Every structure is written in C-alpha cells, then in structure tokens.
Amino acid sequence: MKRVFTNWAGSVHIALAIVGLPYGVCTGGYCKAINSRVPSVCTSAFVSSSAMHIKARCSVYPGSDTHRFPVPDDKVSWAADWPEYSPVNYTAPSVLKKPVWADPEIGSFSPQFNSLDGSVDRRSHEGEYTVQDDRPLNPRGRTGLNGRGLLGRWGPNHAADPIVTRWKRDSAGQRVSHAMSKLPVLQFVSIKRKDCGEWAIPGGMVDPGELVSLTLQREFSEEAMNSLQASQQEREKIHERITQLFSAPGFQVYKGYVDDPRNTDNSWMETVAVNFHDEKGDSVSELPLEAGDDAGQVSWFDVDSSQPLYASHSRFLQTVAKERKAHWCVMDQ
Ligand code: RP5
C-alpha cells in the first residue's frame, strides 16, 4: 500500500444497508463495509465476482469534500441511456503534482490503452475496455465522478493482495472450530489502513514492470513485517521465511476489478489476490507481526463474514474459506 497518504477518516460517514447486496455503501468520507450486519449479509451463497460496484459510488470521494453525482443501481451500466448524467470532475492535488507513479493529464501524453504501454500495463483483467473521448471507461459502469481521483493511472491501476492464512489453534495446539458452524476457523493477516482506518488485506500496487509474485511478497514484508525499517539481519530472516511460504504455489483467489472507493469513471483498481497458507502454523505464523509502511496496525484476524473489510476484501476471504472448508458464516452448517 503506497501513494495515498491523505487521511479520509475525518469525514462523517453513514453506512446504508442495501437489501440483497453483499457490501455496504457509504455516504461519507470513506466507505465502511456493512457485512457486520449478521445475519442479513451472512450468506453461504457465493457472491459473483461481477457484482455491481457499490463502494465505487460512495457519496463523498475519499480524502476530499467532493460529492459524487448520485448513480442509482439501474443507471450504473453504461448501456443504460441517461442523458442527465453529469459526473463531477475530480483529480486529487497529490496526483496532479505529477509524482512518478501517476500519469500526466490526457492531452499531454498519448497512453496506449488496452496494451502494455512501455512498462505500464494498461490491460485490464476484465478484458478490453472502452475508450471514449480519449478516456478509458470503467468496465463496471458509472461512479458519479470522472478524472482520476486519488488513483495515478488512467484506466486500470494494478494491485496484488497477499492473503496469508493459518488455522486458529487453542493453547494445546488443537484447531479451533466455530461454535455455530462447527467448521475450523482460519485466521489471516490484516492491516489497518492509515488512510481510511479500515482493516484490509496488506496489498499494494504493482510497480511498472514488476511481477505480481514479487509485489505480493514485497507488500506483505513491508506492511505486515515492517521490513523497510528492519535491520539488515532481521530483513534477511523475514525474507527467508516469507520467500519459503510464498514460493509454494499459492491459491489464486481472485483476479479482476476491485470495488474500491477510490474508483472513478476513468480510473479503477484491479487486483490479483493469492492465498498463502501456513498449514502447520510453523512458518510465517512464528514471526512477530509489525505494522510498517502505510499500515497503522497489523493483526491475525479470524476469517468471518462479520468482519468488515476494505473494498472487496471480504469477498476474497469468503472464497478462501470456501476453498479451505473453513468457517465463514454462522449460517454455514
Ligand atoms: C485495493 O487497494 C486492492 O485490493 C489493494 O488491497 C489496495 C492497493 O492500494 P494501496 O493499498 O496501495 O493504496 O483496491
């Protein structure tokens, strides 16, 4: 996690329940998930990865006082005719300052959309996206805001999310099962994002030309192990353990669009989420967690539908729980 240093948490937020939808929508400075509203969102039914974006329509854009043009569900799709649509234009000052990780404004450069543009990958995991009036269009539809907001790239902004798990164990080392679902409980490494105060998977942006496998490992080391601040000796130890865990073929949990509150009509987050599981609890589980880089706190959390998480992260964990036949929801029996 890098690049966005604005604190969004100051803004007022109201979580609205949307019947039948898996995630919360928000009207404030940042988007809180409402999947703590058990049992309304406690469902064992798998949530489609192409679900309509909700957090990407949160009313106040993160880190700003800018209000999105409200987009009702039936007008999200670009295919829905809506001549009155008048999205607000907003690109954060931090992006307009032209940091290395951000594109210039359209008109002052010629991005090769839907291609590998030099070392910048402008291809989407979702397939080819439309480019209209020289601007890429969000493949999931309208967000009520155009420009780039807090995101650096026009089009897809690629991230990687390492989901590091272990089994929850009691003091005798036995696996703990959930009292209601009777299924074994998984735990995952979660960080508290400094920008919005929400708990999240310790993911981050893929640097231009970087292999996703490297991003997964690097972000985990920086955010959950504070490797950037560690001494040379500690860094080597962290590197050795993490390389060991991450060298096993992880389970690819998700690849595609992320319902991130920073998304706009022209810039959006995509990720590759991979699960690395410490089955015996003797690998990374033994290392002390230490929050680093843009993480305020770090902790092992139980994998459970009641834990609200940033962006689409709860959905990723639901997939992990299903794959590992672990507890997710009190209604799973
Ligand atoms: C989310 O933003 C991704 O799933 C990933 O966790 C994160 C990457 O952005 P930064 O943490 O680098 O801000 O959409």
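Thresholds applied
- Residues numbered from 1 in each chain as written.
- Predicted model: local features only at pLDDT ≥ 70, side-chain atom pairs only at ≥ 80, totals over all residues.
- Helix = DSSP H or I, 4+ residues; strand = E, 2+ residues; numbered from the N terminus.
- Buried ≥ 20, exposed ≤ 12 C-beta atoms within 10 Å, placed from the backbone.
- Contact = placed C-beta atoms within 7 Å.
- pLDDT = per-residue confidence, 0-100.
- Axes fitted to C-alpha atoms, helices over the stretch in contact; angles between N-to-C directions.
- Parallel < 35°, antiparallel > 145°, perpendicular 65-115°, else oblique.
- Left-handed = near helix turned anticlockwise from the far one by under 90°.
- Nonpolar A, V, L, I, M, F, W, Y, C, P; charged D, E, K, R; others polar.
- Core = buried A, V, L, I, M, F, W, Y, C linked by C-beta atoms within 7 Å.

Engineer: Teacher, can you tell me more about the overall build of the chain here?
Structural biologist: Of the regular secondary structure elements, the chain holds four helices and 15 strands. Residues classed as buried in the chain amount to 45% of the 333 residues present.

Engineer: What is the right way to look at the environment of Phe-109 in this model?
Structural biologist: Structurally, Phe-109 can be placed in the loop between helix H1 (93-96) and strand S4 (116-117). For Phe-109, a count of 10 C-beta atoms within 10 Å corresponds to the exposed category. Excluding residues within four positions of it along the chain, Phe-109 makes contact with Asp-103 and Pro-104.

Engineer: Help me understand the confidence of the model for the chain, please; the structure alone is not making it clear to me.
Structural biologist: For the chain, mean pLDDT is 85; residues scoring 70 or higher make up 85% of the total. Per-residue pLDDT stays below 50 along residues 2-41; that stretch engages in 106 contacts with residues further than four places along the chain or on separate chains.

Engineer: Got a minute to help me understand the environment of Arg-315 in this structure?
Structural biologist: If you trace the backbone, Arg-315 turns up in helix H4 (residues 313-323). On a C-alpha basis, the gap between Arg-315 and Val-253 in space is 9.6 Å, while along the polypeptide they are 62 residues apart.

Engineer: Would you mind showing me how to read the packing of helix H2 (residues 212-224) against helix H3 (residues 232-247) here?
Structural biologist: For any two helices packed against each other, one specifies the crossing angle of their axes together with the interaxial distance. Direction vectors running N to C along H2 and H3 enclose 140 degrees, while the axes themselves pass 11 Å from each other. Classed by the angle they form, the pair H2 and H3 counts as oblique. Along this stretch, H2 crosses H3, giving a crossing that reads as right-handed. Along its contact with H2, which presents Leu-216, Gln-217, Phe-220 and Ser-221, the element H3 presents Ile-238, Ile-242, Thr-243 and Phe-246. Within the contact of H2 with H3, the residues separate by chemical class into five nonpolar, three polar and no charged.

Engineer: Before we go on, may I ask you to explain unusual backbone geometry in this structure?
Structural biologist: For residues besides glycine, phi is generally negative; the peptide bonds are generally trans as well. A positive phi is found at Lys-182, a non-glycine position, where the angle reads about 65 degrees. We classify Lys-182 as exposed; it has 10 C-beta atoms within 10 Å. Of note, the phi angle at Ala-311 is positive, near 45 degrees, even though the residue is not glycine. The residue Ala-311 is located in the loop between strand S15 (295-302) and H4 in this model.

Engineer: Explain H4 to me, please; I cannot follow it from the model alone.
Structural biologist: Given 3.6 residues per helical turn, the α-helix brings residues three or four places apart onto the same face. Along H4, nine of the 11 residues are buried, which leaves the element largely enclosed by surrounding structure. All of the buried residues along H4 are His-313, Ser-314, Arg-315, Phe-316, Leu-317, Gln-318, Thr-319, Val-320 and Ala-321. Buried residues belonging to H4 abut strand S9 (155-167), strand S10 (186-193), strand S11 (199-200), strand S13 (251-257) and strand S14 (267-278).

Engineer: Looking at this structure, how should I read the nonpolar core?
Structural biologist: The nonpolar side chains of a soluble globular protein tend to be buried, and buried together. With 46 residues, the main nonpolar core has Ile-163, Leu-186, Val-303, Phe-316 and Val-320 as its most contacted residues. Put simply, the parts of the chain that give this core at least two residues each are S9, S10, H2, H3, S13, S14, S15 and H4. When residues in this core are grouped by element, the largest group, six residues, is from S14. The contact partners of Ile-163, leaving out residues within four places of it in the chain, are Phe-188, Ile-201, Val-253, Ala-273, Val-274, Asn-275, Phe-316, Leu-317 and Val-320. Judged by nonpolar contacts, the second largest core, of five residues, contains Ala-92, Val-95, Ala-102 and Leu-151.

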